[in-house]
Amino acid sequence: MASSPHVIDVTDADFEQQVIERSRTTPVVVDFWAEWCGPCRTLGPIIEDAVERRGGEVVLAKVDVDANQRIAQQFRVQGIPAVKAFKDGQVADEFVGAQPPQVVEAFLDRLVPSEADRLVADARDRDPDTASELLRRALELDPQHRGAALALAGHLVDEDPEEALLLVKPHRPAPEAEAIVTRVQLAAHATGDLDQLRARVDEDPTDAPAQLELGRALAAAGQHREALHHLIEAVRGGGDVREEAREQVVGLLGVIEDQELVSEARRRLASALF
């Protein structure tokens, strides 16, 4: 029987609470085992020691499959030992069979937040200057850390757009990276005189380049609904700017949080295209 706050025995009755709910705040690794299983007896001490050394950053839940067949069947455990890691109520990683210590360590390392992860999390609640400093430290520790790169790029869109683009380049075409690229592109149009651009469009609504320029300037100013209207009119107008305007609409949809507006714009874009 387990005798540690970090290594616990779990049954069918308390699996939901001890594993599913608990994993929403702390990663929980479930070891499906049985007394008669030789490989289970080999793996057990290895994974228990590795969990203990992490001091509560991860919890090990041991499930005797003979005594708790319902849970074993629910998670389709066909061979043991079977190890499944839960995060946020879902299986995040797993392996089957006895594994050497280095494999178990790597498995747990993928679950437990790294120092870079902690710096990125800390940066979320800080002022922009402090957040940028923390994010740069995270990237020093892990140059490939996507969260740190994208968060820092978000802070640099206006201050240093070239660095922002360099930071997100390795992570394209992930949607979060493309959203940063779109913000940089829009920021380049932030100096347009909206009154003059509106006057051009009012004078000739069929002027697709003017519609595109006005739409971009409005998007840069954060006036997304009106921006989408003019960008889609540029698509509808056709000509040389049709594809450019379409790409700008798609890019803008990636940074808008109002999903109702996004859905509406997608329908209007489809109508303009076809």
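Everything quoted here is computed from the prediction, not taken from an experiment.

## Quick notes on the side chain of Arg 54
With respect to the helices and strands, the residue Arg 54 is situated in the loop between α2 (38-52) and β3 (59-64). For Arg 54, a relative accessible area of 12% corresponds to the buried category. In terms of polar contacts, Arg 54 uses its side chain to reach the side chain of Glu 105, at 2.9 Å. In this structure Arg 54 touches Glu 105, Leu 108, Asp 109 and Val 112, once residues within four positions along its chain are discounted.

## Thoughts on the nonpolar core
Membership of the largest hydrophobic core comes to 28 residues, with the highest contact counts inside it found for Leu 212, Leu 214, Leu 228, Val 249, Leu 252, Leu 253 and Ile 256. Of all the secondary-structure elements, those providing two or more residues to this core are α10 (194-203), α11 (208-220), α12 (224-237), α13 (242-253) and α14 (259-273). The element best represented in this core is α11, accounting for seven residues. Ile 256 has contacts with His 224, Leu 228, Leu 261 and Val 262, leaving out every residue within four places of it along the chain. Counting 24 residues, the second-largest nonpolar core is a separate cluster that includes Leu 119, Ala 123, Leu 135 and Leu 167.

## With respect to the state of the cysteines
For the structure shown, the criterion picks out one disulfide. Through a disulfide, Cys 37 is tied to Cys 40; the S-S separation comes to 2.4 Å. Between Cys 37 and Cys 40 the sulfur-sulfur dihedral comes to about 80 degrees; the bridge is accordingly right-handed. Just as Cys 37 is buried, Cys 40 falls in that class too.

## Section: the sheet that holds strand β1 (residues 7-9)
In space, the five strands of this open sheet follow the order β1-β3-β2-β4-β5, with mixed pairing throughout. On the outer flanks of this sheet lie β1 and β5 (90-96), each paired with one strand and no other. Strand-to-strand twist of the sheet, defined as the mean angle between neighbouring strand axes without regard to direction, takes the value 25 degrees. Pairing geometry for strand β2 (residues 28-33) and β3, over six bridges, is parallel. Of the residues in β3, the one forming a bridge with Trp 33 is Asp 64. Most of the contacts of helix α4 (residues 101-109) go to β5, to which it runs at about 175 degrees, and overall it touches β2, β4 (82-87) and β5.

## What to know about the confidence of the model for the protein
When pLDDT is averaged along the protein, the result is 91; 98% of the residues meet or exceed 70. The least confident element of the protein, judged by mean pLDDT, is helix α9 (residues 175-187) at 86; the most confident is β2 at 97.

## Looking at the packing of aromatic side chains
Throughout the structure, instances matching the rule amount to four aromatic pairs. Aromatic side chains Phe 15 and Phe 75 sit 5.4 Å apart centroid to centroid with 45 degrees between the ring planes, which places their arrangement in the tilted category. Separated by 60 residues along the polypeptide, Phe 15 in helix α1 (residues 15-21) and Phe 75 in the loop between α3 (69-74) and β4 bring together distant segments of the chain. Phe 75 carries the same exposure label as Phe 15, and that label is buried. Between Phe 75 and Phe 86, the ring centres sit 5.3 Å apart and the planes meet at 85 degrees, which makes this aromatic pair edge-to-face. Taken together, the positions of Phe 75 in the loop between α3 and β4 and Phe 86 in strand β4 put the pair 11 residues apart, joining distant regions of the chain. The two residues Phe 75 and Phe 86 agree in class, both being buried. Counting every residue linked through ring pairs, the aromatic cluster contains Phe 15, Phe 75 and Phe 86.

## Some remarks on a negative patch on the surface
Residues Asp 127, Asp 129, Glu 133, Asp 158 and Glu 159 make up a contiguous surface patch of negative charge. Position of Asp 129 among the secondary structure elements: in helix α6 (residues 128-141). Its relative accessible area of 65% is what places Asp 129 among the exposed residues.

## A word on the pairing of β3
Sheet faces and side chains relate simply in a regular strand, where the side chains alternate between the two faces. Burial runs high along β3: five of the six residues are buried. The pairing of β1 with β3 spans three bridges and is classified as parallel. For Val 7, the partnering residue across the bridge sits in β3 and is Leu 60.

## Let's talk about the pattern of salt bridges
Should the charged atoms of two oppositely charged side chains come close, the side chains can pair. For the structure on display, the rule yields 21 salt bridges. Across the salt bridge formed by Glu 94 and Lys 84, the nearest N and O atoms sit 2.6 Å from each other. Taken as a pair, Glu 94 in strand β5 and Lys 84 in strand β4 lie far apart in primary sequence, 10 residues in all.

## Observations concerning the packing of α11 against α12
At their nearest, the axes of α11 and α12 sit 8 Å apart, and the two run at 160 degrees to each other. The angle between α11 and α12 places the two elements in the roughly antiparallel class. Of the two elements, α11 crosses α12, and the hand of that crossing is left-handed. For the pair formed by α11 and α12, the contact residues are Ala 208, Gln 211, Leu 212, Leu 214, Gly 215, Arg 216, Leu 218 and Ala 219 on the first element and His 224, Glu 226, Ala 227, His 230, Leu 231, Glu 233, Ala 234 and Gly 237 on the second. In terms of residue class, the contact of α11 with α12 is built from eight nonpolar, five polar and three charged.

Rules used throughout
By convention here, each chain's residues receive numbers from 1 onward along its written sequence. The model is predicted, so local features are restricted to residues of pLDDT at least 70 and side-chain atom pairs to those at 80 or more, both for listing and for counting; the totals for chains, interfaces and linings are taken over all residues. Note: side-chain values were computed over all heavy atoms of the structure, leaving out hydrogens and water. Helix and strand definitions follow DSSP, with helices as H or I runs of at least four residues and strands as E runs of at least two, each counted in order from the N terminus. Burial classes: relative accessible area under 20% of the type maximum marks a residue as buried, over 50% as exposed, and values in between as partly exposed (1.4 Å probe, protein chains only). Think of a polar contact as two N or O atoms within 3.5 Å of one another; within protein, one of them needs to be a possible hydrogen donor and the other a possible acceptor, and neighboring residues in sequence only count if both atoms come from side chains. Residues are treated as being in contact if the distance between any of their heavy atoms lies within 4.5 Å. In this text, buried Ala, Val, Leu, Ile, Met, Phe, Trp, Tyr and Cys residues form a nonpolar core when linked through side-chain atoms within 4.5 Å. Criterion for a disulfide: a pair of cysteine sulfur atoms within 2.5 Å. Note on pairing: DSSP must find at least two bridges between two strands before they are called paired. Between N-to-C directions, angles span 0 to 180 degrees; the directions come from axes that are lines fitted to C-alpha atoms, helices contributing only their stretch in contact. pLDDT is a per-residue confidence score from the predictor, ranging from 0 to 100. For this analysis, a ring pair means two rings from Phe, Tyr or Trp (six-membered ring only for Trp) whose centres lie within 6.5 Å, classed as stacked if their planes differ by under 30 degrees, edge-to-face if by over 60, and tilted for the remaining angles. Two distance rules govern patches: like charges are joined within 9 Å, and nonpolar side chains (Val, Leu, Ile, Met, Phe, Trp, Tyr) within 5 Å, applied only to residues with over 30% relative accessible area and no salt bridge. Surface accessibility in these figures is a Shrake-Rupley result with a 1.4 Å probe; residues are shielded only by whichever protein chains are displayed. Salt bridge, as used here, is a side-chain nitrogen of Lys or Arg placed within 4 Å of a carboxyl oxygen of Asp or Glu. Asp and Glu are treated as the negative residues and Lys and Arg as the positive ones, with His and the ends of the chain left uncounted. A charge is said to be at NZ when it belongs to Lys, at CZ for Arg, at CG for Asp and at CD for Glu. In these notes the angle categories are as follows: under 35 degrees is roughly parallel, over 145 is roughly antiparallel, 65 to 115 is roughly perpendicular, and the rest is oblique. Definitions for this section: a left-handed crossing has its near helix turned counterclockwise from the far helix by less than a right angle. A right-handed crossing has that turn clockwise. When residues are grouped by polarity, Ala, Val, Leu, Ile, Met, Phe, Trp, Tyr, Cys and Pro land in nonpolar, Asp, Glu, Lys and Arg in charged, and all others, Gly among them, in polar.

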